[in-house]
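Residue-level listing of the chains:
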Amino acid sequence: MYFVYKIIFFDSMKKGGFIVFSTFRKELKQEFKGYNGAILAKDAMAGLTVAAVALPLALAFGVSSGADAGAGLVTAIIAGIVMSVLSGAYYQISGPTGAMAAILMSIIASYGLDGVFVATMLAGVFLLLAGIFHLGKMTSFIPAPVITGFTSGIAVIIALGQVDNFFGVTSQGSSTLEKILSYRTLGFSPNMTAVVIGVFVMIFMFVFPKKWNAVVPASLISIILATAVSIGMNLDVAVVGEIPKTLLPEKRLLFSAISTDKVTGLIAPAFSIAILGMIESLLCGASAGRMTGKQLNSDQELIAQGIGNVILPFFGGIPATAAIARTSVAIKSGAKTRLTGVFHAVGLLISMFLLGDVMSKIPLAALAGVLMVTAFRMNEWIAINYILSHKFKGAMLEYIATMLATILFDLTTAIIIGVLIGLIFLVVQLSHIEINYENVDMARMKVDDPVLCERYNNARVAYITGPMIFANTQTVADIPNHLQNCDTLLFSMRGVSNIDISCAQIMIELLEDFQKRGIDVAVCGLPTRAMEMMHRSGLYDMLGEENFYWSVERALLTNRPLPPIRKTEI
């Protein structure tokens, strides 16, 4: 048994890992071919630009996760180095994201910060295995409305999760909804100073000119202004708190914190983190790939995400994924190689050491404003408008169901629900069958042979398009109702992709009835897969080889013998 397990698992992993590593090595050589000082300068400038965008987001996502701002900053630094160096394409920039907040808050409520660290490490293992076993393309099986739905659901959770910081109030509960509902018992008394700061940040980010935002991010400027006013006027608002000036803070994963019970209990949330990380990273890579014309190596990207997330907890980091906000800034800033991500991490590291004291005084309400605007912009508004304006009912149901499931349950459940709804609609659409009937007109075929014209004077063609499966048995059974005054029936079945046992049995009954009535039957243009079912079901032998033709035209140009009994009506 051990020998079989070794062959299936270890040897397969070794082979898969070797293939991925070999491809990665070739890509690195190509990427750094002709690298010089000019390219280095472009990477450095692009990296520092990304750092300016990533700094407020890292702090905000660290706070929203239930950890602290320092954890978000450390995550961005470590992920920026490890994941950028190993990524599946030069443009991928990784760090903490708002999408993880919903999962992490529930983990902290049940297991504390150590639970987040263990779950992050487990998620890294899952992602690493997914890359080794080439599972990167699995995300292509998730319908677009499902992805849009859980993105909107995550956006709602992020926004609701910032109510405390935005209004300067306190709630209780292990989930976002529980915290919101707790205001009914705890009371809701907003700190108007915090509200003013949060509103200022939101308005500033919305009205800040886009052309200036490309140079200096509005989120960074708004936080600088809000912090300056808060410090200058000594405002009574909650602040970020101490920023550790080390990459090995006290709050980090220690091997002593890893136990069998904790690992067992965290497998499900770790799997959710891994799925979310896979989806976010690969979708980010797909979008960035279209922008650059350079396709993402999805397997290598998953390996990078896996290794990074395994390492992060030991530095006090939270889950990280590739993020489209940072990645798009890197591309637009002229990034040429993966060193851009490393320079971005170095920029954040310098900020942590030099500006840690100032960052510790950033009002939480300011970060809440940044996150609320980020949550709003996370929604795929173009896709949502397209779905709703065109009234795609199936897509609307997938979107709404996934969004609600994300808010009420968790990401994994939401994706399962969305995919199941998508599969149901897919089955309904794919099972649609259409049968059109047409009388044979030999003159239109420019056939003037009197024998053939007389032979097919009362012939009819049934054009079948779609799968002949259990869902369509009634439609197939109704064929005789469309054959008035017909003595020859030709089935044009080039559009039949499949025949199942249910329709095969119906066809047998129809053929038996046609033979009794003297109806001549021929089958034309049958695809290979459907022909296999004809053989297996006995329909081929029942009709006889001479009644199968490549096309209807070929059958009509053949003076086939008449059946022994001939009826003019059925």
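From a predicted model like this one, the values you see are computed outputs, not experimental measurements. (Residues numbered from 1 in each chain as written. Predicted model: local features only at pLDDT ≥ 70, side-chain atom pairs only at ≥ 80, totals over all residues. Heavy atoms only, no water.)

Q: Could you clarify how one ought to interpret the overall build of the protein in this entry?
A: For the protein, the count of helices and strands is 26 helices and seven strands. By the compact-globule yardstick of 25 Å for 570 residues, the protein is too spread out, its C-alpha radius of gyration being 32 Å. Each of the three principal axes of the protein carries a C-alpha extent, and together these read 105 × 55 × 55 Å. Buried residues in the protein amount to 50% of all 570 residues. (Helix = DSSP H or I, 4+ residues; strand = E, 2+ residues; numbered from the N terminus. Rg over C-alpha atoms; globule rule 2.2 N^0.38 Å. Buried < 20%, exposed > 50% of the residue type's maximum accessible area, 1.4 Å probe, protein only.)

Q: Just checking my understanding: could you explain the packing of helix α13 (residues 267-292) against helix α15 (residues 324-332) for this structure?
A: Describing two packed helices takes the angle between their axes plus the distance from one axis to the other. Between α13 and α15, the least distance of the axes is 10 Å, while the angle of their chain directions is 15°. Compared by their axis directions, α13 and α15 come out roughly parallel. α15 is crossed by α13, and the crossing has right-handed handedness. In contact with Cys284, Ser287, Ala288, Met291 and Thr292 of α13, α15 contributes Ile324, Thr327, Ser328, Ile331 and Lys332. Along the lines of polarity and charge, the residues of the contact of α13 with α15 split into five nonpolar, four polar and one charged. (Axes fitted to C-alpha atoms, helices over the stretch in contact; angles between N-to-C directions. Parallel < 35°, antiparallel > 145°, perpendicular 65-115°, else oblique. Left-handed = near helix turned anticlockwise from the far one by under 90°. Contact = heavy atoms within 4.5 Å. Nonpolar A, V, L, I, M, F, W, Y, C, P; charged D, E, K, R; others polar.)

Q: Is there a simple way to explain the side chain of Asp164 in this structure?
A: Summarising the element assignment, Asp164 is placed in helix α6 (residues 163-167). According to the relative accessible area criterion, Asp164 is buried, its value standing at 18%. Non-local contacts of Asp164, meaning those with residues more than four positions away in its chain, are made with Val169, Thr170, Ser171 and Tyr183.

Q: Honestly, the pattern of salt bridges in this entry has me stumped. Any pointers?
A: Any two side chains of opposite charge can pair, given that their charged atoms come close. All chains considered together, the criterion is met by five salt bridges. Across the pair Glu31 and Arg338 runs a salt bridge, and its minimum N-O distance is 2.8 Å. Of this pair, Glu31 sits in helix α1 (residues 2-31) while Arg338 is found in the loop between α15 and α16 (339-359), placing the two residues 307 residues apart along the sequence. Comparing Glu31 with Arg338 shows no difference in burial state: the two are buried. (Salt bridge = Lys/Arg side-chain N within 4 Å of Asp/Glu carboxyl O.)

Q: Can you help me understand the state of the cysteines in this one?
A: When the sulfur atoms of two cysteines share a covalent bond, that bond is a disulfide. One pass over the full model with this rule turns up zero disulfides. Cys486 takes part in no disulfide bond, and the closest cysteine sulfur, belonging to Cys524, lies 13 Å away. Since its relative accessible area comes to 1%, Cys486 is described here as buried. For Cys503, which is in no disulfide, the shortest distance to another cysteine sulfur is to Cys524 and amounts to 18 Å. (Disulfide = S-S within 2.5 Å.)

Q: Just to check I follow, could you spell out the pairing of strand β4 (residues 459-465) for this structure?
A: Regular strands place their side chains on alternate faces of the sheet. For β4, the tally of buried residues reaches five of seven residues, placing the bulk of the element in the interior. As defined by bridge partners, β4 adjoins strand β5 (residues 488-495) across six bridges and the pair is classed as parallel. Bridge assignment links Val461 to a residue of β5, and that residue is Leu490. (Pairing = 2+ DSSP bridges.)

Q: Would you mind going over helix α14 (residues 298-311) with me for this structure?
A: Quick reminder: α-helices carry 3.6 residues per turn. Residues three or four places apart thus point the same way. Helix length check: α14 (14 residues) gives 20 Å between terminal C-alpha atoms against 20 Å at 1.5 Å per residue, within 8%. Among the 14 residues of α14, 11 are classified as buried, and the element is accordingly described as predominantly covered. Among the residues of α14, Ser298, Asp299, Gln300, Glu301, Leu302, Ile303, Ala304, Gln305, Gly306, Gly308 and Asn309 are the ones counted as buried. (Expected span 1.5 Å × (residues − 1).)

Q: I keep staring at the sheet that holds β5 and nothing clicks. Help me out?
A: Sheets are built from strands paired through backbone hydrogen bonds, the pairs being either parallel or antiparallel. Strand order in this open sheet of five strands is β3-β4-β5-β6-β7, and the pairing throughout is mixed. Only two strands of the sheet have a single neighbouring strand rather than two, namely β3 (434-439) and β7 (548-549). Where strand β6 (residues 520-524) and β7 come together, two bridges link them in parallel fashion. Looking at β7, one finds that Cys524 is bridged to Tyr549.

Q: What is the right way to look at unusual backbone geometry in this model?
A: One can expect most non-glycine residues to show negative phi and most peptide bonds to be in trans. A positive phi angle is found at His134, which is not glycine, with a value near 55°. Inspection of the secondary structure assignment puts His134 in the loop between α4 (101-132) and α5 (144-161). His134 gets classed as partly exposed once you look at its relative accessible area, which sits at 39%.

Q: Help me out: how do you make sense of the nonpolar core in this one?
A: The tendency in soluble globular proteins is for nonpolar side chains to be buried as a group. Among the nonpolar cores identified, the biggest contains 88 residues, and Leu59, Leu73 and Leu367 are the most heavily contacted of them. Counting residues in each nonpolar core, the second largest holds 34 residues, with Met507, Leu511, Val521 and Leu539 among its members. (Core = buried A, V, L, I, M, F, W, Y, C linked by side-chain atoms within 4.5 Å.)

Q: Just checking my understanding: could you explain a nonpolar patch on the surface for this structure?
A: Judged by side-chain polarity, Ile231, Val346, Ile350, Phe353, Leu354, Leu355 and Val358 come together as a nonpolar surface patch covering roughly 620 Å² of accessible area. Broken down by element, the residue count for the nonpolar patch peaks at six residues, all from α16. Take Val358: it is sitting in helix α16. Look at Val358 and you get partly exposed, because its relative accessible area is 46%. (Patch = residues over 30% accessible without salt bridge, like charges linked within 9 Å, V, L, I, M, F, W, Y side chains within 5 Å. Areas by Shrake-Rupley, 256 points an atom, 1.4 Å probe, with all protein chains shown as cover.)

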